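Letter by letter, the chains look like this.
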Amino acid sequence: MALIGRKREQSILDDCMRSDRAEFVVVYGRRRVGKTFLIKEYFNYRFSFYATGVNAENMDKQLAYFDDSLHEYGSGEEKATRDWREAFAKLKRLLSDENIYKDPISGKKIVFFDEMPWMDTARSDFKSALDYFWNSWGADQKDLILIVCGSATSWIINNILGDKGGFYNRITRQIYLAPFSLSECEQFFADKNIIIGKDEIIVSYMVFGGIPYYLNLFDRRLSLTQNIDALLFAPTGQLYYEFDRLFSSLFRKPQKHTKIINALSQIDYGLTRTEIIEKTGIADGNLLTRAIEELEQCGFIRRYKNYAKNKRVFYFQIIDPFVLFCRRFIVDRKFSSWMKYRNSPGYNAWRGLAFEIVCLNHIGKIKEILGISGIESMDYSWRSKRKAEGAQIDLLIDRSDNVINVCEMKYSDTPYAIDAEYEEKLKQKIFVFEEETQTRKTLYLTMISASGLTHNEHSGIVVNEISGKELF
């Protein structure tokens, strides 16, 4: 399968191949986002050395698998490796062999450690051995490219990218691999010969979140609804247990992470740290801080500010569509099929929020459509402090040219029609926002609607309109 999108990431790897220094490349991102696929496809599955960590195995097993890889790539050392210091010494000898494979064009030796966080088992000293291997030898090999990756994003950030010891300023490149955009989803489906229109691609994003692995499981003979049923609702479906495994595969002690996600899934606009403590019962402190940061680093939640409140107070909100979908529809298994859920009261509420998440994941594209990509701006949400006749705005684009785009995001199967009641609601929302924030900036009401906007006597209040198809 050809690589879809990933132009920036491939450009970084191109630079590594042309480099005149040793390269230490860190690739990270959410589970199932395609990190391993990117590296293997780019290098055509040809490495000087490749090894992968194995989930939930102890140090002895990890070393045994590493030995297997050493033998596969030409090491003749038969003695079982006792520790990671010895493992990296063997790797150094293997890479120093004149017969080791090198890229035929660049002459580079490419070493790839996949799922590296799993190699770092308790009391294994893996990190110090890797540190010594790189700083004592690897960093001086101008023909060496070391690539490490792992789905446990928090481990990568805390132990490699954020390290203040041996890896400080040693990482030469880092690649954060994000989920596909809507446009990349469209390219992916076309490459797989799956016939699906833009409207349904938006719905697929609302469910699967642009995760390549999930999209790759689609059966082109089935409709989108049938695929959702087959993958998520059927007990034999390949994603039936995915949510249950998601956090346990990323975090060694996922109980706090799960509690936070459960709490956030109950409040559409998110919670403050204080509210998370109240709803989860998790004690305030470093463990809570770490759990929140790890969920954020893995792309499951976002941190944002309320425009009108103390700038040191943050809200946290689920931003991963698949996680939201599973929390709303899969975890409790109340229904046996997606079609039954679609007829339930919670369906419309879910799809409204899910479409907002689609928009929040495409803020860069929204700014491009509005023609403001070159204007400095900050993104906020806003909640009125009024208990009666209050209001909320889920996306504010506060621009340095004295304008704020007040974004309304609406999902409907047909072009959205603003009626007299909703027009008054919008006017009241803008009035309350101006009154409470005392902003002097010009407010542009911006309507982002999945199926476009119906132009009628009430739509004149809208300054900018964006349809779902324009987000591609």
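Residues numbered from 1 in each chain as written. Predicted model: local features only at pLDDT ≥ 70, side-chain atom pairs only at ≥ 80, totals over all residues. Heavy atoms only, no water.

A. Summary view of the pattern of salt bridges. Under the definition given, this model contains 28 salt bridges. Between Asp-401 and Arg-399 there is a salt bridge, with its nearest N and O atoms 2.8 Å apart. Note on Asp-401: relative accessible area 34%, which makes it partly exposed. Within the structure, one salt-bridge network assembled from shared partners comprises Arg-21, Glu-23 and Arg-173. (Salt bridge = Lys/Arg side-chain N within 4 Å of Asp/Glu carboxyl O. Buried < 20%, exposed > 50% of the residue type's maximum accessible area, 1.4 Å probe, protein only.)

B. Quick look at the sheet that holds strand E9 (residues 377-383). Spatial strand order, E9-E10-E11-E12-E13: five strands in an open sheet with mixed pairing. Pairing within the sheet leaves two strands with one partner each, and these edge strands are E9 and strand E13 (464-467). Ignoring which end each strand starts from, the neighbouring axes of this sheet average 25° apart. Of the strand pairs in this sheet, strand E10 (residues 392-399) and strand E11 (residues 403-410) are connected by four bridges, and their pairing is antiparallel. Of the residues in E11, the one forming a bridge with Leu-396 is Val-406. (Pairing = 2+ DSSP bridges. Helix = DSSP H or I, 4+ residues; strand = E, 2+ residues; numbered from the N terminus. Axes fitted to C-alpha atoms, helices over the stretch in contact; angles between N-to-C directions.)

C. Looking closely at the packing of helix H8 (residues 198-208) against helix H10 (residues 224-233). At a minimum axis distance of 11 Å, the contact between H8 and H10 shows a crossing angle of 15°. It follows from the interaxial angle that H8 and H10 lie roughly parallel. The two elements H8 and H10 meet at a crossing, and its hand is right-handed. On H10, the residues touching Glu-200, Val-203, Ser-204, Val-207 and Phe-208 of H8 are Leu-224, Ile-228, Leu-231 and Leu-232. (Parallel < 35°, antiparallel > 145°, perpendicular 65-115°, else oblique. Left-handed = near helix turned anticlockwise from the far one by under 90°. Contact = heavy atoms within 4.5 Å.)

D. Representation of the environment of Ser-265. Mapped onto the secondary structure, Ser-265 falls in the loop between helix H12 (255-264) and strand E6 (271-272). Between the C-alpha atom of Ser-265 and that of Phe-112, which follows or precedes it by 153 residues, the distance is 37 Å. Setting aside anything within four residues of it in sequence, one finds Ser-265 in contact with Ile-318, Arg-327 and Arg-328. A polar atom in the side chain of Ser-265 sits 3.4 Å from the side chain of Arg-327. (Polar contact = N/O pair within 3.5 Å; in protein donor to acceptor, adjacent residues only side chain to side chain.)

E. Local environment of the sheet that holds E6. Sheet architecture is open: three strands sit in the order E6-E8-E7, paired in antiparallel fashion. What marks the edges here is a single partner per strand, and that holds for E6 and strand E7 (301-305). Bridge analysis of E6 against strand E8 (residues 314-318) gives two bridges, and the strand direction is antiparallel. Looking at E8, one finds that Leu-271 is bridged to Phe-316.

F. Representation of the pairing of E10 in the model. Judged by how many residues are buried, E10 sits mostly within the fold: seven of eight residues are covered. Connecting E10 to the antiparallel partner E11 that follows it, the hairpin turn spans three residues, and Asn-402 within it adopts a positive phi of roughly 75°.

G. Here's a closer look at the packing of helix H7 (residues 182-191) against H8. In the contact formed by H7 and H8, the axes pass within 10 Å of each other and the chain directions differ by 110°. Taken together, the axis directions place H7 and H8 in an arrangement best described as roughly perpendicular. Judged by the twist between their axes, the crossing of H7 over H8 is right-handed. Residues Leu-182, Cys-185, Glu-186 and Phe-189 of H7 lie in contact with H8, whose contacting residues are Lys-198, Ile-201, Ile-202, Ser-204 and Tyr-205. Residue composition of the contact of H7 with H8, grouped by class: six nonpolar, one polar and two charged. (Nonpolar A, V, L, I, M, F, W, Y, C, P; charged D, E, K, R; others polar.)

Function cannot be inferred from these measures alone, as they are strictly geometric.
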